[in-house]
Amino acid sequence: DEDESPWLNKKLAQAMVYAHVNKMIAHSLQYIHPTWFDEPLQANTNLSSTCNAHWDGRTINLYSGNSRCGNTGLISDVIYHEWGHGLDANTGGIQDGAFSEGIGDIMSVLMTRSNLLGIGFMVTDSAPVRDLAPDKIYPRDRGGVHAEGLIIGSTFWDLFEAFKEQYTEDYA
């Protein structure tokens, strides 16, 4: 039964998405208040496909899990990342896919304070989907939008780590 497996639980996914989207908004309101925050945000969970999540220009969309991939509504990093696409789209628009991928990853870092994103996405080994610690450099690491997003994400991770060294964690 899929509701018994911790990586497939559909009811828990709905609650997690609600909690993490609201946590992200509350955190962000400390620094910014775009008009987007004043509108209801639709987050769809348990969609019939698997092994993915996406922002469609209006909504966050998270997929059910299977024996290979966890339900993406159960992975806070994925929720924060997709919300980051929404932030990008609603505060200037997604002009560049790689930049938007980097923004999504940055939103995850700001909330989790971890360079490892998407732990638990792959059910078999729970390896992270992305690791922002290794330096990615343009043009050497060019590729698809996710690869180029790592250039932005890893640069932010380095900045985040430098702030933690210079200031206390509360200011990083």
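Data block above holds the structure.
The paragraphs below set out a description of the structure included in this document. Since we're looking at a predicted model, the values are computed, not measured. Residue indices begin from 1 for each chain and proceed along its sequence in written order. Selection of residues for local features in this predicted model requires a pLDDT of at least 70, selection of side-chain atom pairs for listing and counting requires 80 or more, and totals for whole chains, interfaces and linings are taken over all residues. Calculated side-chain values reflect all of the structure's heavy atoms, with hydrogen atoms and water omitted.

**What to know about the overall build of the chain**
Alright, step 1. Helix and strand counts for the chain come out as four helices and five strands.
Alright, step 2. A helix here means a DSSP run of H or I that spans at least four residues, while a strand means a run of E at least two residues long, and both kinds are numbered starting from the N terminus. Element order for the chain, N to C, with α for helix and β for strand: α-β-β-β-α-α-β-β-α.
Alright, step 3. Buried, partly exposed and exposed residues are distinguished by accessible area as a fraction of the type maximum, computed with a 1.4 Å probe on protein chains only: under 20%, between the cut-offs, and over 50%, respectively. Counting only residues that meet the buried cut, the chain has 44% of its 172 residues in that class.
Alright, step 4. Restricting the contact set of the chain to residue pairs at least 6 apart, pairs at least 24 apart contribute 52%.
Alright, step 5. Here the Shrake-Rupley method, with its probe set to 1.4 Å, supplies the accessible areas, and only the displayed protein chains count as covering residues. Here the chain displays about 9,200 Å² of accessible surface, and carbon together with sulfur accounts for 52% of that area. Only heavy atoms enter the contact rule, under which two residues are in contact if any of them lie within 4.5 Å.

**Focus: the sheet that holds strand β1 (residues 42-50)**
Alright, step 1. When DSSP locates at least two bridges between a pair of strands, those strands are taken to pair. Read across the sheet, three strands follow the order β1-β3-β2 without closing on themselves; strand pairing throughout is mixed. Each edge of the open sheet carries a strand with a single partner, namely β1 and β2 (53-55). Between one strand and the next, the sheet's axes are offset by a mean angle of 20°, whatever the strand orientation.
Alright, step 2. Fitted lines through C-alpha atoms give the axes, limited to the stretch in contact for helices. The angle between two N-to-C directions lies from 0 to 180 degrees. In the packing of helix α1 (residues 10-28) onto the sheet, contacts are made with β1 and β3 (59-64), and the angle to β1 comes to roughly 140°.
Alright, step 3. Helix α2 (residues 76-90) contacts β2 and β3 of the sheet and is inclined by roughly 15° relative to β2.

**A look at the packing of α1 against α2**
Alright, step 1. Where α1 contacts α2, the two axes come as close as 10 Å, and the packing angle between them is 55°. When the interaxial angle is binned, α1 and α2 end up oblique. Here α1 runs over α2; the crossing is right-handed. Residues M16, V17, H20, V21, K23, M24, I25 and S28 of α1 form the contact with α2, whose own contacting residues are S76, I79, Y80 and W83.
Alright, step 2. Note on residue classes: Ala, Val, Leu, Ile, Met, Phe, Trp, Tyr, Cys and Pro are nonpolar, Asp, Glu, Lys and Arg are charged, and everything else, Gly too, is polar. Residue composition of the contact of α1 with α2, by class: eight nonpolar, three polar and one charged. For classification, angles of less than 35 degrees are called roughly parallel, those exceeding 145 degrees roughly antiparallel, those between 65 and 115 degrees roughly perpendicular, and all remaining angles oblique. It is the rotation of the near helix from the far one that decides the hand of a crossing: anticlockwise by less than a right angle makes it left-handed, clockwise makes it right-handed.

**As for the pairing of β3**
Alright, step 1. Most of β3 is tucked away: six of the six residues are buried.
Alright, step 2. As judged from the five bridges shared by β1 and β3, these two strands associate in the parallel manner. Across the sheet, the residue bridging to L47 is Y63, located in β3.
Alright, step 3. In the sheet, β2 pairs with β3 via three bridges, with the strands oriented antiparallel. Bridge pairing links A53 to L62 in β3.
Alright, step 4. Where β2 folds back on β3, the antiparallel hairpin that results is connected by three residues, among which G57 adopts a positive phi of roughly 100°.

**Points about the pattern of salt bridges**
Should their charged atoms come close, side chains of opposite charge can pair.
Alright, step 1. Criterion for a salt bridge: a side-chain nitrogen of Lys or Arg within 4 Å of a carboxyl oxygen of Asp or Glu. The final tally for this structure, using the stated rule, is five salt bridges.
Alright, step 2. Measuring nitrogen to oxygen at the nearest pair gives 2.9 Å for the salt bridge that ties D105 to R130. Residue D105 is located in helix α3 (residues 97-112), and its partner R130 is located in strand β5 (residues 130-131); the two are separated by 25 residues in the primary sequence. Taken as a pair, D105 and R130 share a single burial class, namely buried.
Alright, step 3. As a salt-bridge pair, E161 and K164 come within 3.0 Å of each other at their nearest N and O atoms. Linking E161 with K164, this pair stays in helix α4 (residues 145-166), spanning three residues, or about one helical turn.
Alright, step 4. Among the residues examined, K164 registers a relative accessible area of 28% and is labelled partly exposed.
Alright, step 5. Salt bridges sharing partners connect three or more residues here, namely E101, D105 and R130.

**Quick notes on the packing of α1 against α3**
Alright, step 1. Packing of α1 against α3 brings their axes to within 11 Å, and their N-to-C directions diverge by 85°. What the angle tells us is that α1 and α3 run roughly perpendicular. Along the contact surface, α1 presents K23, M24 and H27, while α3 presents M107, L110 and M111.
Alright, step 2. Its residues assigned to classes, the contact of α1 with α3 shows four nonpolar, one polar and one charged.

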